[in-house]
Amino acid sequence: MHEGCTVYQTTQYLTKKWALLVLFELYKGDDYTRRFSELKESLAGITSKVLSQRLKELEEEGLVGRRVDAEHFPVKSEYFLTEAGLGLIDVIKHLKQWALTYKIDNIDCGNQNCKDCIL
C-alpha cells in the first residue's frame, strides 16, 4: 500500500493504542464532551502521558477539539468530538455491526491497485 493512500494515512492515527477508545469515551459524554480527568478515570489502564498524547494527535487530525476555561482556578480543559469525530463514530458503529454479523477471517487483499479498489 502506498503511503499517500487515504486508508493508509487514516489508519496511522486510528490504529494507535487507545485512539478509538478515547473517541468512544468522548461520544459517551454530555454533548460529546469530557474533561481529561473523566477520560482518565473511564479508560482503565491508560497513563496520563498516553492519554495526553492521543488527545493531541486526535486534535491535530481534526477529530477532537479542546476548550480551555482559564477564567477560574484550577484551569479546566474539556475535550469534545468535532463534526469529523462524530462522523467517524458512525463508521465505527457500522464496523461493529459488521463484526457482530459476520465471522471475522483475516483475508489478504489481492488488489494492489488502489484505483480498482471497491472499498
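See the structure above.
Not measured: the values here are computed from a predicted model.

Summarise the overall build of the chain; cite the residues concerned and give the values.
A count of helices and strands for the chain gives five helices and three strands. Taken from N to C terminus, the helices and strands of the chain fall in the order α-α-β-α-α-β-β-α. Here the chain holds 119 residues, and 26% of them are scored as buried. Within the chain, counting contacts between residues at least 6 apart in sequence, those at least 24 apart form 46% of the total. Summed over its atoms, the accessible surface of the chain is roughly 9000 Å², and 53% of this surface lies on carbon and sulfur atoms.

Lay out a negative patch on the surface with the relevant residues and their values.
A surface patch of like charges, here negative, comprises D30, D31, E38 and E41. The topology assignment puts E38 in helix α3 (residues 36-42).

Can you tell me about the packing of aromatic side chains, naming the residues and giving the values?
Overall, the coordinates contain one aromatic pair when judged by the stated rule. Ring centres of Y27 and Y32 lie 5.4 Å apart, and the angle between their planes is 10°; on these two criteria the pair is classed as stacked. A residue is classified by how much of its surface remains accessible, and Y27, at 26% relative accessible area, is partly exposed. In this structure Y32 comes out as partly exposed when scored by relative accessible area, which is 33%.

Conventions used here
- Residues numbered from 1 in each chain as written.
- Predicted model: local features only at pLDDT ≥ 70, side-chain atom pairs only at ≥ 80, totals over all residues.
- Heavy atoms only, no water.
- Helix = DSSP H or I, 4+ residues; strand = E, 2+ residues; numbered from the N terminus.
- Buried < 20%, exposed > 50% of the residue type's maximum accessible area, 1.4 Å probe, protein only.
- Contact = heavy atoms within 4.5 Å.
- Areas by Shrake-Rupley, 256 points an atom, 1.4 Å probe, with all protein chains shown as cover.
- Patch = residues over 30% accessible without salt bridge, like charges linked within 9 Å, V, L, I, M, F, W, Y side chains within 5 Å.
- Salt bridge = Lys/Arg side-chain N within 4 Å of Asp/Glu carboxyl O.
- Lys, Arg positive; Asp, Glu negative; His and termini not counted.
- Charge placed at Lys NZ, Arg CZ, Asp CG, Glu CD.
- Phe/Tyr/Trp six-rings, centres within 6.5 Å; stacked < 30°, edge-to-face > 60°.

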